[in-house]
Amino acid sequence: MYNGNKLSPVLKGVLVAGFLFLYLPIVSLIVYSFNASKLVTVWGGFSTRWYVSLFHNEQILSAVGLSIRIALASATAAVVLGTVAGFVLARFKRFRGSTLFAGMMTAPMVMPEVITGLSMLLLFISMQQLFGQPSERGFFTIWVGHTTLCMAYVAVVVRSRLIEIDKTLEDAAMDLGARPLKIFFVITLPLISQAIASGFLLSITLSLDDLVTTAFLSGPGSTTLPQVIFSKVRLGLNPEINALATITVLIVGIMVVAANYLMLNAQRNREKAIAAAMRENENAQAGPPSSAVSSASA
Amino acid sequence: MNFKRFARKWLRPGRATVIAVPYFWLLVFFAVPFLIVLKISFAEQDIAIPPFTSLLNYEDGGLLHVTLNLANFQFIFGDELYADTYLSSLRVAFFTTVMCLLIGYPIAYAIARTDPARRNVLLMLVMLPFWTSFLLRVYAWMGLLKPNGIINHLLMSVGLISEPLEMFHNTFSLYLVMVYAYLPFMILPLYAHLVKMDIRLLEAANDLGARPLKAFFAITLPLSKNGIIAGSMMVFIPAVGEFVIPELVGGPDTLMIGKVLWNEFFDNNNWPMAAAVATVMVLLLIVPIGLFHRYETRELEGKNV
């Protein structure tokens, strides 16, 4: 008998070792964030003093504020542009220039960030020379950079979802005379809402985390959180950063678990609804002919 | 034919608008910048704002002069240090990819073969570090690997070693953290392929008397080829230009081109040189990016290569 569903001890060991590798550094960060000693790696008793000093660190707090504002703005723009782009890739397939379009969609995901950052900066400098705008580097230039990076990820998520879903629904609406824009908002959008939501969350985390592109695009007055972290850890370990990391892991952890739970629930509900609709459909089809037969016999 | 094209062009303005919006954005903010990088790589460093010379100059008679300065490229191709740095970056990216594949494949395989109820939890556990800040995960290793770091402390207090191990700011720490940071990018595409695989193929192979190892090499491995290529490219391409990891945990002798570009730009303020370094890097990466793009597209369109 082939035993496909039971994990062999070897595979179990692989999983345990793999997850230890992935989580050991994160756990050590969390543990040592509660270290009373200023020497990050020497245990000096339990303390929450670094959390207190973190919340009094003006530089970090203002960087957090800026990063969150940039993340929300970029994720919003990336979701709009990325959804449209994903739709174009999934539904229109071939048009003039589609190869270039598809290429420009995948390249930002893998292109080393030193290249995208530098090239976008040089674009803004050239634009400034030609049109006088943007007059300085800051929120706007970072926003453009993050949006371009994130929209590629949104487009991939949305596109794969669009390929997955049943296109006959859209075709049926078209046959019934609905206009394309209406079809998109009434039929397509609800079906891909989950993909859009994950695209939005992914964009937020990508934007909040971006260091290299931001370094090229930010100006003197706009220092984001990763830039502050980078300038601090470049000088060595810093217990406040441990506290910050712990908070980050906590927030991300809650978000990922909650999103996973909600998605599983939504999927179950959808399956139930589809099953119920199928049953109804069967009953409806079975109904009329039998009554016709009975009336004929009467 | 002409009418058809005319109709397509003018009767469906909606479609054109829908395509135009993201197209225009990417053209302006992603494609055009590369041309500007190429242009500025032919300029010279200058003490001005912005710090480079213009390629176009009008002479008194209204003559347009185009000056292409090839010195940056001559320098890159003539200087051994640059050649070594490119080679070293490619080597680091290659071995990082291989190690990610060797470690990531068994993990992805094990998750894909777990029963569906637990699979979701395991996948979530892989995703969690991926969603957590990249910078903070690199930072975490600094605390572990330092001479007076957590690992050395533990080993010394247990008495396994009497002197701290040297595992920080060298090749070991560079590779360790590179593999650590890029591992999720390898596991996720591999998992996506392995989970779709028809398990009955393995059952059939087993019934026909194939040993598990043989079945793996004859069935599982070829069927996950696209996942291997996609995952490898997702690790290899960004790893070539990686800056943060060599900067924070790499050794003083670690040559990585991302770091060179950063230094040329931020420390030497030599923008034309940074542009030339970027141009050569893009040329090196065009083939892998094309490969990645091809497999991604085919995958999404449901074709098997």
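Computed from a predicted structure; not experimentally measured.

Digging into the interface of chain A and chain B
Step number 1: At the junction of the two partners, chain A supplies 93 residues and chain B supplies 91 residues.
Step number 2: Measuring nitrogen to oxygen at the nearest pair gives 3.0 Å for the salt bridge that ties arginine 234 of chain A to glutamate 247 of chain B.
Step number 3: Applying the counting criterion to the chain A and chain B interface returns nine residue pairs in polar contact (both at pLDDT 80 or more).
Step number 4: For the side of chain A that touches chain B, the residue count by class is 64 nonpolar, 23 polar and six charged.

Focus: the UniProt feature "transmembrane region" (unreviewed entry) in chain B
Residues and elements named next belong to chain B.
Step number 1: When the UniProt feature table is mapped onto this chain numbering, "transmembrane region" (unreviewed entry) sits at residues 21-42, 92-112, 121-142, 172-194, 215-237 and 271-292.
Step number 2: Between the end C-alpha atoms of residues 121-142 there is a gap of 29 Å, over a span that is 91% helix and 0% strand.
Step number 3: Taken as a whole, residues 271-292 contains 100% helix and 0% strand, while its terminal C-alpha atoms sit 29 Å from one another.

Things to note about unusual backbone geometry
All names here are of chain B.
Step number 1: The phi dihedral of histidine 169 is positive, around 55°, even though this residue is not glycine.
Step number 2: Here histidine 169 lies in the loop between helix H7 (150-158) and helix H8 (171-196).
Step number 3: The phi angle at asparagine 269 is positive, at roughly 55°, despite the residue not being glycine.
Step number 4: Along the chain, the position of asparagine 269 falls in the loop between helix H13 (257-267) and helix H14 (271-300).
Step number 5: Residue class for asparagine 269 comes out partly exposed when judged on its relative accessible area of 38%.

Re helix H10 (residues 212-223) of chain B
Each turn of an α-helix holds 3.6 residues, which means side chains three or four residues apart point in the same direction.
All names here are of chain B.
Step number 1: For H10, with twelve residues, the first-to-last C-alpha span of 15 Å sits near the 16 Å given by 1.5 Å per residue.
Step number 2: Within H10, the full set of buried residues consists of Ala215, Ile219 and Thr220. Buried residues along H10 cover an arc of 85° about the axis, so they all sit on one side. Turned more than 90 degrees away from the buried face of H10 sit Leu213, Lys214 and Phe217, all of them exposed.
Step number 3: On the buried face of H10, the contacting elements are helix H4 (80-113), H8 and helix H9 (199-207).

Description of the UniProt feature "transmembrane region" (unreviewed entry) in chain A
All names here are of chain A.
Step number 1: Sites flagged by UniProt as "transmembrane region" (unreviewed entry) map to residues 12-34, 60-89, 101-127, 139-162, 183-208 and 241-262.
Step number 2: Helix makes up 93% of residues 101-127 and strand 0%, whereas the separation of the span's terminal C-alpha atoms amounts to 23 Å.
Step number 3: Its end C-alpha atoms 34 Å apart, residues 183-208 is made of 96% helix and 0% strand.

Some points on the pattern of salt bridges
Residue and element names in this part refer to chain A.
Step number 1: Counted under the stated rule, the structure contains two salt bridges over all chains.
Step number 2: The salt bridge partner of arginine 91 is glutamate 170, with a shortest N-O separation of 3.0 Å. Pair noted here: arginine 91 is in helix H3 (residues 58-92) and glutamate 170 is in helix H7 (residues 168-175), with a separation of 79 residues, a long-range link. For the pair shown, arginine 91 and glutamate 170 are each scored as buried.

Details of the packing of aromatic side chains
Step number 1: Tallied over the entire structure, the rule returns 31 aromatic pairs over all chains.
Step number 2: Between phenylalanine 184 of chain A and phenylalanine 185 of chain A, the ring centres sit 5.4 Å apart and the planes meet at 85°, which makes this aromatic pair edge-to-face.
Step number 3: Judged by relative accessible area, which is 17%, phenylalanine 184 of chain A ranks as buried.
Step number 4: Aromatic pair tyrosine 109 of chain B and phenylalanine 216 of chain B: ring centres 6.0 Å apart, planes at 80°, arrangement edge-to-face. Placement of the pair is tyrosine 109 of chain B in helix H4 and phenylalanine 216 of chain B in helix H10, with a sequence separation of 107 residues.
Step number 5: By relative accessible area, tyrosine 109 of chain B is classed as buried at 16%.

Structural notes on the packing of H3 of chain A against helix H11 (residues 225-233) of chain A
All names here are of chain A.
Step number 1: It is at 7 Å that the axes of H3 and H11 come closest, and there the two elements cross at 145°. Counted together, Gln59, Ile60, Ala63, Val64 and Ser67 of H3 and Leu225, Pro226, Val228 and Lys232 of H11 form the full contact between these two elements.
Step number 2: Looking at the contact of H3 with H11, its residues break down into six nonpolar, two polar and one charged.

What counts and how
Residues numbered from 1 in each chain as written. Chains lettered and ligands numbered in written order. Predicted model: local features only at pLDDT ≥ 70, side-chain atom pairs only at ≥ 80, totals over all residues. Heavy atoms only, no water. Contact = heavy atoms within 4.5 Å. Salt bridge = Lys/Arg side-chain N within 4 Å of Asp/Glu carboxyl O. Polar contact = N/O pair within 3.5 Å; in protein donor to acceptor, adjacent residues only side chain to side chain. Nonpolar A, V, L, I, M, F, W, Y, C, P; charged D, E, K, R; others polar. UniProt positions renumbered as here; feature names shortened; annotations may be inferred. Helix = DSSP H or I, 4+ residues; strand = E, 2+ residues; numbered from the N terminus. Buried < 20%, exposed > 50% of the residue type's maximum accessible area, 1.4 Å probe, protein only. Expected span 1.5 Å × (residues − 1). Arc of directions from axis to C-beta. Phe/Tyr/Trp six-rings, centres within 6.5 Å; stacked < 30°, edge-to-face > 60°. Axes fitted to C-alpha atoms, helices over the stretch in contact; angles between N-to-C directions.

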